[in-house]
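Close look at the chain arrangement
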Amino acid sequence: MKPGIHPAYRPVVFRDRAADFAFLTRSTATSDKTVEWRDGNTYPVIDVEISSASHPFYTGHQRVVDTAGRVERFERRYGHRGRGR
């Protein structure tokens with residue numbers, strides 16, 4: 001890499017507040033907030049809204065959408081037109 005043109009590549013903690021999960025990795029991302037890690041060192045911390053610890057694809061927990069209620073409301077409003085014909 002050409003010196004002086006690239007951002008600093010250093011250890012950063014990414015923290016998922018929703019799942020109470022954090023991991024230390026290397027990144028060029030910056031933050032004014034810091035956290036003391038398990039090894040006793042202080043690192044910049046970046047809070048994320050979702051990670052593999054809280055994403056439904058990885059956890060297997062999905063929100064249930066009330067589609068039956070929506071269908072019933074639609075049928076009450078517009079009737080059963082067009083079914084079976």
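Above: the structure in question.
The following refers to the structure shown. (Residues numbered from 1 in each chain as written. Predicted model: local features only at pLDDT ≥ 70, side-chain atom pairs only at ≥ 80, totals over all residues. Heavy atoms only, no water.)

**Quick word on the overall build of the protein chain**
- Within the protein chain, the secondary structure is distributed over two helices and four strands.
- Moving toward the C terminus, one meets the helices and strands of the protein chain in the order β-β-β-β-α-α.
- Burial analysis of the protein chain (85 residues in total) assigns 18% to the buried set.
- In the protein chain, once contacts between residues fewer than 6 apart in sequence are set aside, the share between residues at least 24 apart is 31%.
- Accessible surface computed for the protein chain: about 7,400 Å², of which carbon and sulfur atoms make up 51%. (Helix = DSSP H or I, 4+ residues; strand = E, 2+ residues; numbered from the N terminus. Buried < 20%, exposed > 50% of the residue type's maximum accessible area, 1.4 Å probe, protein only. Contact = heavy atoms within 4.5 Å. Areas by Shrake-Rupley, 256 points an atom, 1.4 Å probe, with all protein chains shown as cover.)

**Some remarks on the pattern of salt bridges**
- Applying the stated criterion across every chain, the model contains three salt bridges.
- A salt bridge links Asp47 to Arg15, with the shortest nitrogen-to-oxygen separation between them at 2.7 Å. With Asp47 in strand E4 (residues 42-48) and Arg15 in strand E1 (residues 10-16), this residue pair connects regions lying 32 residues apart in the sequence.
- Residue classification places Asp47 among the partly exposed positions, given a relative accessible area of 29%.
- We note a salt bridge from Lys33 to Asp47, for which the minimum N-O separation is 2.8 Å. (Salt bridge = Lys/Arg side-chain N within 4 Å of Asp/Glu carboxyl O.)

**Describing the pairing of strand E2 (residues 21-27)**
- Relative to E2, E1 runs antiparallel, the two sharing seven bridges. Opposite Val13, over in E2, you have Leu24 as the bridge partner.
- In this structure, the hairpin formed by E1 and E2 is closed by a connection of four residues, where Asp20 is found at a positive phi of approximately 50 degrees. (Pairing = 2+ DSSP bridges.)

**Structural notes on the sheet that holds E2**
- Pairing within the open sheet is mixed, and its four strands lie in the order E2-E1-E4-E3. In the strand order of this sheet, the two ends are held by E2 and strand E3 (34-36), each with one partner. Shown here is a sheet whose adjacent strand axes are inclined to one another by a mean of 45 degrees, direction ignored.
- Pairing analysis gives three bridges linking E3 to E4, with the strands arranged antiparallel. In the sheet register, Val35 faces E4, and the bridge partner there is Tyr43. (Axes fitted to C-alpha atoms, helices over the stretch in contact; angles between N-to-C directions.)

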